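# Breakdown of the fold
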Amino acid sequence: MELTIFYDSACPLCSNEMAQLKQHDRLHKIHLEDLNAPDLAERYPQLDLAKANTIWHGLTADGRMILGLDVTAMAWGLTGKHCWIKLLRLPLIKPVADKAYLAFAKNRYQISYLLTGKQRCETGSCNLK
């Protein structure tokens, strides 16, 4: 795997994004890990679960932890889709995009409710398609 993504399966928007990524990950370069998995802390002791619930975390194949939109850009880059996301990493755009992402992440359940009608998945975890 080139990238392991730690995501919140209780968030409908997050789960939807992961389903889309997996659909386009034809070369199986991305591995998904649910932050709500009971054994996650044992398997990934380097992961700060509290922080991972506030900002997306990704673990690269070489052991680097990347955060936020860097995860998004790398993930979509690995699929070859949504190449425009790389624009969010340009020096003049990056600081603004990062602040916007942090606001989104902090309010993801409310935003999810506005966009999907569901604040959280009924079972506490959305099933990936």
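Residues numbered from 1 in each chain as written. Predicted model: local features only at pLDDT ≥ 70, side-chain atom pairs only at ≥ 80, totals over all residues. Heavy atoms only, no water.

## Comments concerning the overall build of the chain
Helix and strand content of the chain: 6 helices and 4 strands. Its helices and strands in sequence order give the chain the pattern β-α-β-α-α-β-β-α-α-α, from N to C terminus. Compactness check: the chain gives a C-alpha radius of gyration of 14 Å against a globular reference of 14 Å for 129 residues, within 12% of the reference. If you line up the chain on its principal axes, its C-alpha atoms span 40 × 35 × 30 Å. Out of the 129 residues in the chain, the part that is buried amounts to 40%. Nonlocal contacts in the chain, meaning residues at least 24 apart in sequence, comprise 64% of its contacts between residues at least 6 apart. Approximately 7600 Å² of the chain is accessible, and the part contributed by carbon and sulfur atoms is 59%. The average position of the 16 basic charges and that of the 13 acidic charges among the side chains of the chain differ by 7 Å. (Helix = DSSP H or I, 4+ residues; strand = E, 2+ residues; numbered from the N terminus. Rg over C-alpha atoms; globule rule 2.2 N^0.38 Å. Buried < 20%, exposed > 50% of the residue type's maximum accessible area, 1.4 Å probe, protein only. Contact = heavy atoms within 4.5 Å. Areas by Shrake-Rupley, 256 points an atom, 1.4 Å probe, with all protein chains shown as cover. Lys, Arg positive; Asp, Glu negative; His and termini not counted. Charge placed at Lys NZ, Arg CZ, Asp CG, Glu CD.)

## Description of the nonpolar core
Counting 20 residues, the largest nonpolar core has I5, M18, L21, I30 and W56 as its most contacted members. Listing elements by their share of this core, those giving two or more residues are β1 (3-7), α1 (12-24), β2 (30-34), α4 (69-79) and α5 (94-106). What I5 contacts, discounting residues up to four positions off in sequence, is M18, L21, I30, H31, L32, E33, W56, H57, G58, V71 and A75. Counting residues in hydrophobic clusters, the runner-up holds 7 residues, among them F6, L35, L40 and Y44. (Core = buried A, V, L, I, M, F, W, Y, C linked by side-chain atoms within 4.5 Å.)

## What to know about a nonpolar patch on the surface
On the surface, W84, L87, L90, L92 and I93 cluster together into a nonpolar patch covering about 550 Å² of accessible area. By relative accessible area, which is 52% here, W84 ends up exposed. (Patch = residues over 30% accessible without salt bridge, like charges linked within 9 Å, V, L, I, M, F, W, Y side chains within 5 Å. Salt bridge = Lys/Arg side-chain N within 4 Å of Asp/Glu carboxyl O.)

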